[in-house]
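# Overview (structure and organization)
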Amino acid sequence: MNLNSRTLALLISLAVALVLTAFLALASYFSSQGLMVALVIVFVSCFLLVHFSYEALVFREVKNVYSSLEKLKRQDFKKVESRSTFSADPLMKIKEEIYMIAERKQQEIDELKRLQSMRREFLADVSHELKTPIFAAQGFIHTLLDGAMDDPEVRERFLEKAAKSLDGLDALVQDLISISQFEKGVVKMAKRNFDVVQLVREVAEQLEQRASQHEITLHVEAGPQEQIMLFADPNRIRQVFTNLVDNAIKYGRKGGNIWISFEEGKKKYTITVKDDGKGIAQEHINRIFERFYRIDKSRARDTSSTGLGLAICKHIIEAHRSIIAVKSEIDKGTTLRFKLLKAKQL
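Residues numbered from 1 in each chain as written. Predicted model: local features only at pLDDT ≥ 70, side-chain atom pairs only at ≥ 80, totals over all residues. Heavy atoms only, no water.

For the rest of this paragraph, the subject is the sheet that holds strand β6 (residues 325–329). A sheet is described by the order of its strands in space; here five strands give the open sequence β2-β4-β5-β7-β6, paired in mixed fashion. Looking along the sheet, the strands with just one partner apiece sit at the ends: β2 (217–221) and β6. Each strand axis lies, on average, 15° off the axis of its neighbour in the sheet, ignoring direction. Bridge count between strand β4 (residues 257–264) and strand β5 (residues 268–275): seven bridges; the pairing is antiparallel. Counterpart to Ile260 in the pairing with β5 is Val273. (Pairing = 2+ DSSP bridges. Helix = DSSP H or I, 4+ residues; strand = E, 2+ residues; numbered from the N terminus. Axes fitted to C-alpha atoms, helices over the stretch in contact; angles between N-to-C directions.)

Structure representation (structure tokens):
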């Protein structure tokens, strides 16, 4: 039973009144020595009542507060249930507020540590990704300046390689700018009705040569004349399909397949990009949309990719108020799904 200060004061007053009433009622029957004994009994009784009330109502709760502070110092945030008989509302509130403030502050500290770790990792990744094309271009240009420029064949080949490295650097910078704009929320989607089947077929034609080099077949699961009209930003969705299919080709297997299919819902279409490649381990699935995160570290120097494609896809789909769901099994392939709104009636 929990008693507040008012209830406890009433009980103490009642107990003191009973003791005094009993003393006054029996005072006429006491001798002088008996009165002294009765006085001592009344004094002891009142002392014990007052002491017990302070001990139960104040000091015990203060001890609980200090006990909570000790737990907070040890970062033990398991909330301790109060077992005291009495409840001091202000002190209980103080203890709960201390606990809540400390818990929030610790969460903020943990989040700051996590963000600091991500920042360090991001800076290291950016430095690495920028260094590779810059050093490559520098090497080719300095070789030409050191005398290779006099050979027309060597000059042309080295200039082409330097230009390719600089093109990769430009693509990386553009992707970084895009992600920064997405995160700031300054990119607006130019949404309109468009035929997603035609768009996907154009992307497939664009990547067909690259897929054939890996002996991978692209399948667009739609009829020859079928149209699926969606309401979205076609240029951004083209970017999503290009990145997803290109990624599936890169990590696919020889003789493999990539399927792009569409499933109609009440208000949206579910779009699926599926492959039968080597798959993604479970510990990587939650991180594949992070900037510069690469599953296969041996491909960290692959200049055909900036390492930002999936991160950009994630931002584009989220800007369309959807998410990309990932399902994958090792040696069985990967499936990515997202939803887009059906075309609006004009």
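Having seen the structure, we can now continue with the description.
Looking now at the packing of aromatic side chains. Aromatic ring pairs are described here by two measures, namely the spacing of the ring centres and the angle between the planes. Under the defined criterion, the tally for this structure stands at two aromatic pairs. Sitting above the plane of the Trp259 ring, Lys274 keeps its charged end 6.0 Å from the centroid. (Phe/Tyr/Trp six-rings, centres within 6.5 Å; stacked < 30°, edge-to-face > 60°. Lys NZ or Arg CZ within 6 Å of the ring centre and 35° of its normal.)

Among the nonpolar cores identified, the biggest contains 48 residues, and Val196, Phe241, Phe262 and Phe338 are the most heavily contacted of them. Listed by contribution, the elements that provide at least two residues to this core are α4 (152–184), α5 (196–213), β3 (229–232), α6 (234–250), β4, β5, α8 (309–319) and β7 (333–341). Residue contributions to this core reach at least three from each of two domains, namely domain 2 (99–184) and domain 3 (192–341). Apart from the residues within four sequence positions on either side, Phe262 is in contact with Val196, Val197, Val200, Val220, Glu221, Ala222, Ile228, Tyr269, Thr270 and Ile271. (Core = buried A, V, L, I, M, F, W, Y, C linked by side-chain atoms within 4.5 Å. Buried < 20%, exposed > 50% of the residue type's maximum accessible area, 1.4 Å probe, protein only. Domains from an automatic or database assignment. Contact = heavy atoms within 4.5 Å.)

Below, the discussion takes up a negative patch on the surface. A cluster of acidic residues, Asp150, Asp151, Glu153, Glu156 and Glu160, forms a negative patch at the surface. Counting through the fold element by element, Glu160 comes out in helix α4. (Patch = residues over 30% accessible without salt bridge, like charges linked within 9 Å, V, L, I, M, F, W, Y side chains within 5 Å. Areas by Shrake-Rupley, 256 points an atom, 1.4 Å probe, with all protein chains shown as cover. Salt bridge = Lys/Arg side-chain N within 4 Å of Asp/Glu carboxyl O. Lys, Arg positive; Asp, Glu negative; His and termini not counted. Charge placed at Lys NZ, Arg CZ, Asp CG, Glu CD.)

Taken together, Val40, Phe43, Val44, Phe47 and Leu48 make up a surface patch of nonpolar side chains, about 500 Å² in accessible area. Among the structural elements, Val44 can be located in helix α2 (residues 32–73). Among the residues examined, Val44 registers a relative accessible area of 37% and is labelled partly exposed.

Now for the side chain of Thr334. By secondary structure assignment, the location of Thr334 is in strand β7. For Thr334, a relative accessible area of 5% puts it in the buried group. Of note is the side chain of Thr334, whose polar atom sits 2.9 Å from the side chain of Ser328. (Polar contact = N/O pair within 3.5 Å; in protein donor to acceptor, adjacent residues only side chain to side chain.)

Interpretation in functional terms is not warranted from these geometric data alone.
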